[in-house]
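Residues per chain, in single letters:
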Amino acid sequence: SENQPKLVILNYPTYQKITMGKIQPLNQKKAEPRSILVTGGAGNIGSHTGKLLTERGYQVTTLDNLSSGNKEFSSGHFVEGDLADQQLLDDLFASKHFDAVVHFAASIEVEESVKDPGLYYRNNVVNGLNLLSAMVKHRVPHLVFSSTCVVYDEGAKSPIAETAPLAPTSPYGETKLVFENMLKWFGDAFGMSSISLRYFNAAGASFDATLGFTGANPTHLIPSALNVALGKKDGMTVFGNDYKTQDGTAVRDFIHVMDLAEAHILALEHLFSGKSREANEVFNLGTGRGYSVLEIINAVCERTGHMVNFEIGPRRPGDREAVVADARKAKSVLGFEAKYSDLKTIIDTAWTWHKKYFGVK
C-alpha cells in the first residue's frame, strides 16, 4: 500500500533504501520449535542461555568471534564470525529464518572502555547497528538484549528501579544505552519488538560444572577471589575502601548466571506472546540484596576453606559506590524471580567450576 513506511537500512559506505511494511514473521503459522540466533553465545552468560534454550526445545544457532568465548561452550549450530562482517550476517540470515535474536556480543569491561572508548563504540554500537539492519532486511521481529545496570545515574539511590535517571559514567555504559535507544527507534520505525535486560552482577556457574567464567585475568570480584583461593595468584586488589558503605568497600547485587539464562527465556516468551507494551521494554535483573567487596571475600574464604589475601588500592575509573536492583517489574510482568542467587549457591557453583577448569581437585 502507498501508506507503508520505507525502510532505510544502513549499508556502509552507502545507504540502501528498501520498501516493505512493518516487520512480521515470514510464516505466522510456523510450527515449533522456534529458531533463535544467539550472538556472543560462546561467552559466559550467552553459553548458559544457549544451553538452557536447547534444553527447552528451541533450535539454537550460536554466532561468536571467539575473542573471549569458547567454541566448546556453544549450543546448537555454531558459526564463527563477527558482527562487523555485514556479508556474513546477510548470508546467515538468508540461509535460515530466525524467530528472534538474543544479543550478548559486546565488549564489557568498564575500565577498559575508559581507556579505549573507540573499541566500545565500534563493537557495541556500530556492530550492533549491523545486526539490527540485517534483522530488518530479513524480517526478524524480536530481540532480547543483554544490557547493564551501569546505564543508571551514579547518584541513583538503591534499590534502583527502571525509572531511575540514566547517566552512564563510562563508555561501556554509554554504548549499552545507545543500543537500547536504537532498539526503541527501530521498533517505532519498523515494528521490531525488543526487551533490554539490565543485569546487575552476573556470578556463579552451571550446576553440572560444564560452563563458567574462563577469563585468565578476571576483573570480576568473585573469579578474582577464587583465583587467589586456588593459589593461582598470591593476592588481589580491593579497589577503594573510602566509599560511604558499612565497611568502606563498594556494594553490589549478585545474580546467578542460571537465573539470568531463565530470564532471557521468559523475555523471549513475553515477546512471542505479543503482550509487549513498548517498542523496547526494559527490565532490571537482580535480587535486591547487596554485598560489599569485603563481605564477598569473607564468604569466599568460608566456602572454599582458603584464605584470600588482598591489598587496598585506589578506586577504578567508572566504579560506583552501591548498585542494588529493584527487580519487581521483571517479577510482575515476566514472572521472573531469582531462585539460585543466594551467596552460598553462587560461590559453591563458581568454586566447583573453577577447580574443574583449572584442573584442581
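Residues numbered from 1 in each chain as written. Predicted model: local features only at pLDDT ≥ 70, side-chain atom pairs only at ≥ 80, totals over all residues. Heavy atoms only, no water.

(A) Region of the structure containing the overall build of the protein chain. Looking only at helices and strands, the protein chain has 10 helices and 16 strands in total. Whereas a compact globule of 361 residues would reach a radius of gyration of roughly 21 Å, the protein chain reaches 20 Å, a difference of no more than 12%. When the 361 residues of the protein chain are sorted by exposure, 54% land in the buried category. Within the protein chain, contacts between residues at least 6 apart in sequence are counted, and of these 79% link residues at least 24 apart. Element-wise, carbon and sulfur atoms account for 50% of the exposed surface of the protein chain, whose accessible area totals about 16,100 Å². (Helix = DSSP H or I, 4+ residues; strand = E, 2+ residues; numbered from the N terminus. Rg over C-alpha atoms; globule rule 2.2 N^0.38 Å. Buried < 20%, exposed > 50% of the residue type's maximum accessible area, 1.4 Å probe, protein only. Contact = heavy atoms within 4.5 Å. Areas by Shrake-Rupley, 256 points an atom, 1.4 Å probe, with all protein chains shown as cover.)

(B) Structural detail: the sheet that holds strand 4 (residues 59-64). Across the sheet, seven strands lie side by side as 5-4-3-6-7-8-13; this open sheet has parallel pairing. Each of the sheet's edge strands pairs with one partner strand only, and the pair in question is strand 5 (77-80) and strand 13 (280-285). Between one strand and the next, the sheet's axes are offset by a mean angle of 20 degrees, whatever the strand orientation. Here strand 8 (residues 193-199) runs beside strand 13; their pairing, made up of six bridges, is parallel. Each bridged residue has a counterpart across the sheet, and for arginine 198 the counterpart in strand 13 is asparagine 284. Of the strands in this sheet, strand 3 (35-39), strand 4, strand 5 and strand 6 (100-103) are in contact with helix 2 (residues 86-95), which crosses strand 4 at around 175 degrees. Against the sheet, helix 7 (residues 257-273) makes contact with strand 3, strand 6, strand 7 (142-148), strand 8 and strand 13, and its axis sits at roughly 160 degrees relative to strand 8, the strand it touches most. (Pairing = 2+ DSSP bridges. Axes fitted to C-alpha atoms, helices over the stretch in contact; angles between N-to-C directions.)

(C) Geometry of the packing of helix 6 (residues 221-229) against helix 8 (residues 293-304). In contact at an axis separation of 10 Å, helix 6 and helix 8 are set at 40 degrees when each is read in the N-to-C sense. Our classification of the angle between helix 6 and helix 8 gives oblique. Read as a crossing pair, helix 6 and helix 8 show a hand that is right-handed. Side by side, helix 6 and helix 8 meet where Leu221, Ile222, Ala225, Leu226 and Ala229 of the first sit next to Val293, Ile296, Val300 and Thr304 of the second. (Parallel < 35°, antiparallel > 145°, perpendicular 65-115°, else oblique. Left-handed = near helix turned anticlockwise from the far one by under 90°.)

(D) Region of the structure containing the sheet that holds strand 14 (residues 291-292). The strand order 14-11-16 describes an open sheet built from three strands, whose pairing is mixed. The open sheet has two edge strands with one neighbour each: strand 14 and strand 16 (322-323). By the bridge criterion, two bridges tie strand 11 (residues 251-252) to strand 16 in an arrangement that is parallel. Looking across to strand 16, one finds that arginine 252 is bridged to valine 323.

(E) The pattern of salt bridges, seen in detail. The tally for this structure, following the rule as stated, stands at 12 salt bridges. Among the charged side chains, a network of salt bridges with common partners joins Arg303, Lys344 and Asp348. (Salt bridge = Lys/Arg side-chain N within 4 Å of Asp/Glu carboxyl O.)

(F) Spatial organisation of the side chain of histidine 138. Secondary-structure assignment places histidine 138 in the loop between helix 4 (117-137) and strand 7. Exposure remark for histidine 138: the relative accessible area of 17% places this residue in the buried category. Apart from the residues within four sequence positions on either side, histidine 138 is in contact with Asp90, Phe93 and Ala94.

(G) Seen up close, the environment of leucine 226. Looking at the element boundaries, leucine 226 is found in helix 6. Classification of leucine 226 as buried rests on a relative accessible area of 1%. What leucine 226 contacts, discounting residues up to four positions off in sequence, is Val300, Thr304, Ala350, Trp351 and His354.

(H) Molecular detail of the nonpolar core. Of all hydrophobic cores here, the largest spans 31 residues; its most connected members are Ile36, Leu53, Leu197, Leu268, Leu285 and Phe336. Secondary structure elements with two or more residues in this core: strand 3, helix 1 (44-55), strand 6, strand 8, helix 7, strand 13 and helix 9 (328-334). Not counting residues within four places of it along the chain, the set of residues in contact with leucine 197 comprises Val144, Phe145, Ser146, Ser147, Thr148, Ala263, His264, Ala267, Phe283, Leu285 and Leu334. (Core = buried A, V, L, I, M, F, W, Y, C linked by side-chain atoms within 4.5 Å.)

(I) Expanded view of the pairing of strand 13. Extensive coverage of strand 13 is indicated by the burial of six of its six residues. On strand 13, burial covers both faces: Asn280, Val282 and Asn284 on one face and Glu281, Phe283 and Leu285 on the other are all buried.

(J) Quick peek at helix 1. A rise of 1.5 Å per residue sets the reference length of helix 1, with its 12 residues, at 16 Å; its end C-alpha atoms lie 17 Å apart and thus fit the reference within 8%. Those residues of helix 1 not exposed but buried are Ile45, Gly46, Ser47, His48, Thr49, Gly50, Leu52 and Leu53. The first or second residue beyond helix 1 is glycine 57, which carries a positive phi of 95 degrees. (Expected span 1.5 Å × (residues − 1).)

(K) Molecular detail of the packing of aromatic side chains. Taken as a whole and assessed by the stated rule, the structure comprises eight aromatic pairs. Consider the rings of tyrosine 120 and tyrosine 172, whose centres lie 6.5 Å apart with planes at 85 degrees: the pair is edge-to-face. One end of the pair, tyrosine 120, is in helix 4; the other, tyrosine 172, is in helix 5 (residues 171-190), with 52 residues separating them in the sequence. Judged by centre distance (5.3 Å) and plane angle (80 degrees), the ring pair of phenylalanine 186 and phenylalanine 190 falls under edge-to-face. Of the two residues, phenylalanine 186 and phenylalanine 190 are both situated in helix 5; the distance of four residues between them amounts to about one turn of the helix. The pair formed by phenylalanine 186 and phenylalanine 190 is uniform in burial state, with each residue classed as buried. Clustering of aromatic rings is evident, with ring pairs tying together Phe73, Trp353, Tyr357 and Phe358. The ring of phenylalanine 272 carries the charged tip of arginine 34 above its face, separated from the ring centre by 4.0 Å. One cation-aromatic arrangement involves arginine 289 over tyrosine 291; the distance from NZ or CZ to the ring centre is 4.0 Å. (Phe/Tyr/Trp six-rings, centres within 6.5 Å; stacked < 30°, edge-to-face > 60°. Lys NZ or Arg CZ within 6 Å of the ring centre and 35° of its normal.)

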